[in-house]
Amino acid sequence: MKGVDVEERAEKRMRMNLAKGIACLVIGAIVIAAIEVLWDHADAGNRFRGASQETRDEPSSSGGFEFQDMMSSVLTGNLSAIGMQDVPQAFLEECFDAAELGDARCSADGGVIGIVSDAPASELFEACVGKLVDRGWLQVESGYPLRCTFLKESGALHWLFLDVNQVSGDGVAVLVLGEGDES
């Protein structure tokens, strides 16, 4: 009898772990698809004031943003292949110096900042949150671990979304920025 109970519990635990794993994969796929749809509908030319004029005027050699190519480069650790640039001045002035936390890059339009750190995801998340709150940003919880939104009433940036994940041994933060009225 006791052996049967142990086997049943082990089987239930295995099914629960499998269900959780599948749920994580489905949520990840939905998030990636949502980001791609949002990106495709964004005005990449002048969406964010943090992008340099040269970047806004420069046509893309690939005909636009290729999400699959970027994800492939990120997952293989080949950040130089993405063609990303340094973090925009508006982010440095209103948020924090992302390079203090790890290897920081920015999308060509200045709207997405990425940070790859040796620190665990939870530590990277707390460091980002602390720096933003210290600069006057209001944190809005999302209900999901290592993910939240920040708001600010004035400045070149007034909204940003922070999502941090553990990828292999590195913490990876993605910050999506929204512009403000510069008042």
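Residues numbered from 1 in each chain as written. Predicted model: local features only at pLDDT ≥ 70, side-chain atom pairs only at ≥ 80, totals over all residues. Heavy atoms only, no water.

1. Some points on the overall build of the chain
Convention followed: Helix and strand labels come from DSSP, where a helix needs a run of H or I of at least four residues and a strand needs a run of E of at least two; each type is numbered from the N terminus. Residue burial is assigned from relative accessible area. The probe radius is 1.4 Å, only protein chains are included, and a residue is buried under 20% of its type maximum, exposed over 50%, and partly exposed in between. When checking whether two residues touch, look at their non-hydrogen atoms; a contact exists if any pair is within 4.5 Å. The method behind every accessible area is Shrake-Rupley, applied with a 1.4 Å probe, and residues are considered shielded solely by the protein chains displayed.
A tally of regular secondary structure across the chain gives five helices and six strands. In the chain, the order of α-helices and β-strands from amino to carboxyl end is α-α-α-α-β-β-α-β-β-β-β. In the chain, which comprises 183 residues, the share counted as buried stands at 30%. Across the chain, contacts joining residues at least 24 apart in sequence account for 49% of those joining residues at least 6 apart. By element, 56% of the accessible surface of the chain is carried by carbon and sulfur atoms, the whole surface being about 11,300 Å².

2. Topic: a nonpolar patch on the surface
Put simply, the rule reads: For patches, a residue must show more than 30% relative accessible area and have no salt bridge; joins then use 9 Å for like charges and 5 Å for nonpolar side chains, namely Val, Leu, Ile, Met, Phe, Trp and Tyr. By definition here, a salt bridge exists when the distance from a side-chain nitrogen of Lys or Arg to a carboxyl oxygen of Asp or Glu is within 4 Å.
A grouping of L138, V140, L151 and W159 is seen on the molecular surface, where their side chains present a nonpolar patch of about 330 Å² in accessible area. For L138, the position within the fold is in strand β3 (residues 138–141).

3. Notes on the pattern of salt bridges
If you walk through the whole model with that rule in mind, you get four salt bridges. A salt bridge links K152 to E94; its shortest N-O distance comes to 2.5 Å. Note that K152 is positioned in the loop between β4 (147–151) and β5 (157–167) and E94 in helix α4 (residues 89–94), a separation of 58 residues in sequence. Between R105 and D103 there is a salt bridge, with the nearest N and O atoms lying 3.3 Å from each other.

4. Examining the sheet that holds strand β6 (residues 170–179)
The following threshold applies: For two strands to count as paired, DSSP must find a minimum of two bridges between them. To obtain an axis, a line is fitted to C-alpha atoms, over the contacting stretch when the element is a helix, and the angle between two such axes runs from 0 to 180 degrees between their N-to-C directions.
Taken together, the six strands give an open sheet; going across it, the order is β1-β2-β6-β5-β4-β3, and neighbouring strands pair in antiparallel fashion. Each edge of the sheet is formed by a strand with only one pairing partner; in this case those strands are β1 (103–106) and β3. With strand direction ignored, the average angle separating the axes of adjacent strands in the sheet is 20°. Seen against the sheet, helix α5 (residues 121–134) touches β2 (112–117), β3, β4, β5 and β6 and runs at an angle of roughly 165° to β5.

5. Brief notes about the nonpolar core
Formally: Only buried residues count toward a nonpolar core. Its members are Ala, Val, Leu, Ile, Met, Phe, Trp, Tyr and Cys residues joined through side-chain atoms within 4.5 Å.
The biggest cluster of nonpolar side chains holds 28 residues, and the ones touching the most others in it are F91, F96, I113, I115, L160, L162 and L175. In terms of residue count, the dominant contributor to this core is α5 (six residues). Setting aside residues up to four positions removed in sequence, F91 forms contacts with F96, A98, I113, L157, L175 and L177.

6. Some words on the pairing of β3
Alignment of β3 against β4, held across four bridges, turns out to be antiparallel. Among the inter-strand pairings, E141 is bridged to a residue of β4, identified as C148. The turn joining β3 and β4, which pair antiparallel and follow one another in sequence, is formed by five residues; a positive phi near 90° is taken by G143.

7. Considerations on the environment of V140
Mapped onto the elements, V140 comes out in strand β3. By relative accessible area, V140 is classed as partly exposed at 34%. C-alpha of V140 to C-alpha of F150: the two residues are 10 residues apart in sequence and 5.8 Å apart in space. Apart from the residues lying within four places of it in its own chain, the contact partners of V140 are C148, T149 and L151.

8. Focus on the environment of G171
Among the secondary structure elements, G171 is positioned in strand β6. Placed 69 residues apart in sequence, G171 and G102 show a C-alpha to C-alpha distance of 9.2 Å. For G171, the residues in contact, after removing those within four places along its chain, are I115, V116, S117, A119, P120, A121, L124, N165 and Q166.

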